[in-house]
Amino acid sequence: MLEILTRGFRDVKQYLQGMRTLTEENLGEALKMIRVSLLEADVEFQVTRSFLERVKEQAIGEIVQVRVKHKDRKLSVSPGDHFIRLCHDELVRLMGPEDSGLNLKSRPSSVMMVGLQGSGKTTTAAKLARYLAKNGKKPLLVAADIYRPAAVDQLKKLGSDLGIPVYFRENMSPPELCRGALDEIQSYGCDVAIFDTAGRLTIDEALMDELQAIQEVAAPQNVLLVCDAMIGQESVNIARAFNEKIRLTGFILTKLDGDARGGAAISIKEATGVPIKFVGMGEAMDRLEEFRPDGLASRILGFGDIVGLVKDFEEVVDEKKAEEDAKRMLSGNFTLTDFLNQIKTIKKLGPLQDVLEKLPFFPKGIPDDAKVDDYELVRMESIINSMTPAERRNPQIVDASRVRRIARGSGREEREVLELLRKFNDMRGFLSAMGGGPVSGKWKKRIKGLRRIFGGGLGDLMTGEDEAVGPDNPFGLPPVKKGKQVSKKLLEKQRKKSKQARRDRKKTKKK
Ligand SMILES: Nc1nc2c(ncn2[C@@H]2O[C@H](COP(=O)(O)OP(=O)(O)OP(=O)(O)O)[C@@H](O)[C@H]2O)c(=O)[nH]1
Ligand SMILES: [Mg+2]
């Protein structure tokens, strides 16, 4: 997501690398590069201009400061870092302040979803209901789109999948439906109503009249414009038009997962003064995130979004169990069943690409040619699923004939089974060493290096020069020698050995 901007900022950072000071000349060039990148990302013209002006203003201050400081002490941060930091802060200011809360004080309270056709209102209404239910609220979904025949069924289906009630009555107008839902909400045991309204292809009078009528009779405390991020700066015009007729309290930007540009995310708050509350990051019901300007700015600049990742983890991980698992793993008692559970947890976090983007290990951005293969997890899962419980507990017993059976059972190649076992053994050795458990020879040397790196904290990974950090070595760990790999030769030898053993057994039976 937002690759265009990330690439633009990465190029600027590279351009400034190695320059000792920010001069008017290189600053001018850097700003020009940013300008091109922002316009290419479809950021609104005015917003682009004010962004550049503010960054320039502050950067010129930096030039003076750099010169003054330079006389008595050496600078520890490069001008490139300074400049990117300024851009980061300015992006956060543009998109912020963080304001993802909804006004749900009154009982009952309500949220009206509005927006153009296909922007994601119905899907997002359901996602929001799920989100509120997770946060202790009791949402009631209201099917107030009576024009598209399938709209009511779509919401009913989403509601029933989530176990959230859906309110609908035949022969009622949308305003009557919304009012009716509030009047009857207690009988559903709910406390917040979410109105899913109809969309139109363009902003027309009839649509606005209907939304105003709903506002009059149901008085929702929250009016959220659901906006497709992929339409770029056009979102600004739509937002302004809606905001003139019905006062908006916030935006939800959907389909940010597929938005390479980012123009909507950057422009919409600055241009309208209305805050972005949530962002949609995929079609699935759990792909709704509270909007954090800092997280998005960090992601755009390639710093990762650790806070976002931790929030995702909290949602999918049972904390107590995770801690017990961690203890067991670090004591060297790490089994393939644990490995399988880890894989399942990672899968729950969403596409691997998303997870990687939130990590700060790729300060230069995830390399274009780095292939993120979600299917790898499915492959590993199928192999482990084809093992017996005893094999998962104690993979040492997996010999050549078992490898063959597991490969057949999982529909994978023997080579893949062996590769997984090798990776697992390496990981177990590593975890055991980290936890102070029994350390085999090859790990002893590395522990010192690891302590140094982890002792440095994430901050060290996020800035500074990162020769060691890259797609092959995302954690910047010291080089790791290849673990002992079962070669084809060895496999063949084992095969012959068990064949011979079978023959011997037959012979003794005959006797
Ligand atoms: N990738 C992605 N797809 C999304 C997201 N949000 C919604 N969609 C998809 O967008 C399409 C339209 O979503 P709907 O919720 O039906 O849109 P709507 O605004 O209710 O449409 P109308 O009722 O026709 O006005 C669906 O296929 C959704 O799955 C998102 O955050 N990411
Ligand atoms: Mg809809």
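This is a predicted model, so every value here is computed, not measured. (Residues numbered from 1 in each chain as written. Chains lettered and ligands numbered in written order. Predicted model: local features only at pLDDT ≥ 70, side-chain atom pairs only at ≥ 80, totals over all residues. Heavy atoms only, no water.)

Some details on the overall build of the chain
Counted only if it meets this: Numbered from the N terminus, helices here are DSSP runs of H or I no shorter than four residues, and strands are runs of E no shorter than two. Each residue is assigned to one of three classes by its accessible area relative to the maximum for its type, calculated with a 1.4 Å probe on protein chains only: buried under 20%, partly exposed between the two thresholds, exposed over 50%. In what follows, a contact means two residues having at least one pair of non-hydrogen atoms within 4.5 Å. Per-residue and other accessible areas follow the Shrake-Rupley method at a 1.4 Å probe size, with only the shown protein chains counted as cover for residues.
When its secondary structure is counted, the chain shows 21 helices and 8 strands. Put simply, the chain has 511 residues, and 47% of those count as buried. Residue pairs at least 24 apart in sequence account for 75% of intrachain contacts in the chain once pairs closer than 6 positions are excluded. Surface summary for the chain: the accessible area is close to 26,700 Å², and the carbon and sulfur share equals 52%.

Observations concerning the pairing of strand β7 (residues 276-280)
Along any regular strand the residues' side chains alternate between the sheet's two faces. In plain terms, the rule: Only when DSSP finds a minimum of two bridges between them are two strands counted as paired. When the strands point away from the viewer and the connection leading from the first strand across the helix to the second strand turns clockwise, the crossover is called right-handed.
Burial runs high along β7: 5 of the 5 residues are buried. Note that strand β6 (residues 250-254) and β7 share 3 bridges and pair parallel. Across the sheet, the residue bridging to F251 is I276, located in β7. You can see the chain leave β6, run along helix α10 (residues 263-272) and come back into β7, and the turn it takes is right-handed. In this sheet, strand β8 (residues 288-290) lies alongside β7 in antiparallel orientation, the contact comprising 3 bridges. Its bridge partner being in β8, V279 is matched across the sheet by E289.

Side note on the site of ligand 1
Heads up, the condition is: Only a single heavy atom is needed: when it lies within 4 Å of a molecule or strand, its residue is near that molecule or strand. Under the rule applied, a polar contact is a pair of N or O atoms within 3.5 Å (in protein, one hydrogen donor and one hydrogen acceptor; residues adjacent in sequence only if both atoms are side-chain atoms). Three classes are used: nonpolar for Ala, Val, Leu, Ile, Met, Phe, Trp, Tyr, Cys and Pro, charged for Asp, Glu, Lys and Arg, and polar for all others, with Gly counted as polar.
In the neighbourhood of ligand 1, 20 residues make up the surrounding shell, with K121, T122, T123, D257 and E283 lying closest. A distance of 2.7 Å is found between an oxygen atom of ligand 1 and a side-chain nitrogen or oxygen belonging to T122. At 3.3 Å, a backbone N or O of G280 approaches an oxygen atom of ligand 1. Within the complex, the protein chains bury 81% of what would otherwise be the 660 Å² of accessible surface of ligand 1. At 4 residues, the largest contribution of residues to the shell around ligand 1 is made by helix α5 (residues 121-134). Of the residues in the shell around ligand 1, the class split is 2 nonpolar, 11 polar and 7 charged.

Focus on the confidence of the model for the chain
Applicable threshold: In predicted models, pLDDT denotes the confidence assigned by the predictor to each residue on a 0 to 100 scale.
The predicted model of the chain has a mean per-residue pLDDT of 80, with 74% of residues at 70 or higher. pLDDT under 50 marks residues 66-71. Its contacts with residues more than four places away, or in other chains, come to 3 contacts.

What about the sheet that holds strand β3 (residues 166-167)?
Going by this rule: Every axis in this analysis is a line fitted to C-alpha atoms, fitted for helices over the stretch in contact. Angles between the N-to-C directions lie between 0 and 180 degrees.
With mixed pairing, the 8 strands of this open sheet are ordered in space as β3-β2-β4-β1-β5-β6-β7-β8. At either margin of the open sheet sits one strand with a lone partner, and together these are β3 and β8. Contacting β5 (222-228), β6 and β7, α10 crosses the sheet at an angle of about 165° to β6.

Overview of the packing of helix α1 (residues 3-16) against helix α2 (residues 24-40)
Here is the rule: Our angle categories are set so that under 35 degrees counts as roughly parallel, over 145 as roughly antiparallel, 65 to 115 as roughly perpendicular, and the remainder as oblique.
In contact at an axis separation of 9 Å, α1 and α2 are set at 170° when each is read in the N-to-C sense. Taken as axis vectors, α1 and α2 run roughly antiparallel relative to one another. Across from I4, L5, G8, F9, D11, V12, Y15 and L16 in α1, the residues of α2 making contact are N26, E29, A30, M33, I34, S37, L38 and E40. Residues that form the contact of α1 with α2 fall into these classes: 10 nonpolar, 3 polar and 3 charged.

Side note on the environment of L349
Along the chain, L349 falls in the loop between α14 (336-348) and α15 (352-358). With 63 residues separating them along the chain, L349 and D286 place their C-alpha atoms 9.5 Å apart.

Thoughts on the packing of aromatic side chains
In plain terms, the rule: Any two rings among Phe, Tyr and Trp, with Trp reduced to its six-membered ring, count as a pair given centres within 6.5 Å; such a pair is stacked if its planes are under 30 degrees apart, edge-to-face if over 60, and tilted if neither.
Throughout the structure, instances matching the rule amount to 3 aromatic pairs. Taken together, a centroid distance of 5.0 Å and an interplanar angle of 75° make the contact between Y131 and F278 edge-to-face. In this pair, Y131 sits in helix α5 while F278 sits in strand β7, placing the two residues 147 residues apart along the sequence. Judged by its relative accessible area of 1%, F278 is buried.

Quick look at unusual backbone geometry
The omega torsion of the bond from G96 to P97 falls at 0°, within 30 degrees of zero and hence cis. Here P97 shows up in the loop between α4 (79-95) and β1 (109-114). Of the consecutive residues R107 and P108, the connecting peptide bond is found in the cis state with omega at -5°. The backbone of N171 sits at a positive phi, close to 55°, despite the residue not being glycine. In this fold, N171 is placed in the loop between β3 and α7 (174-184). A residue is classified by how much of its surface remains accessible, and N171, at 78% relative accessible area, is exposed.

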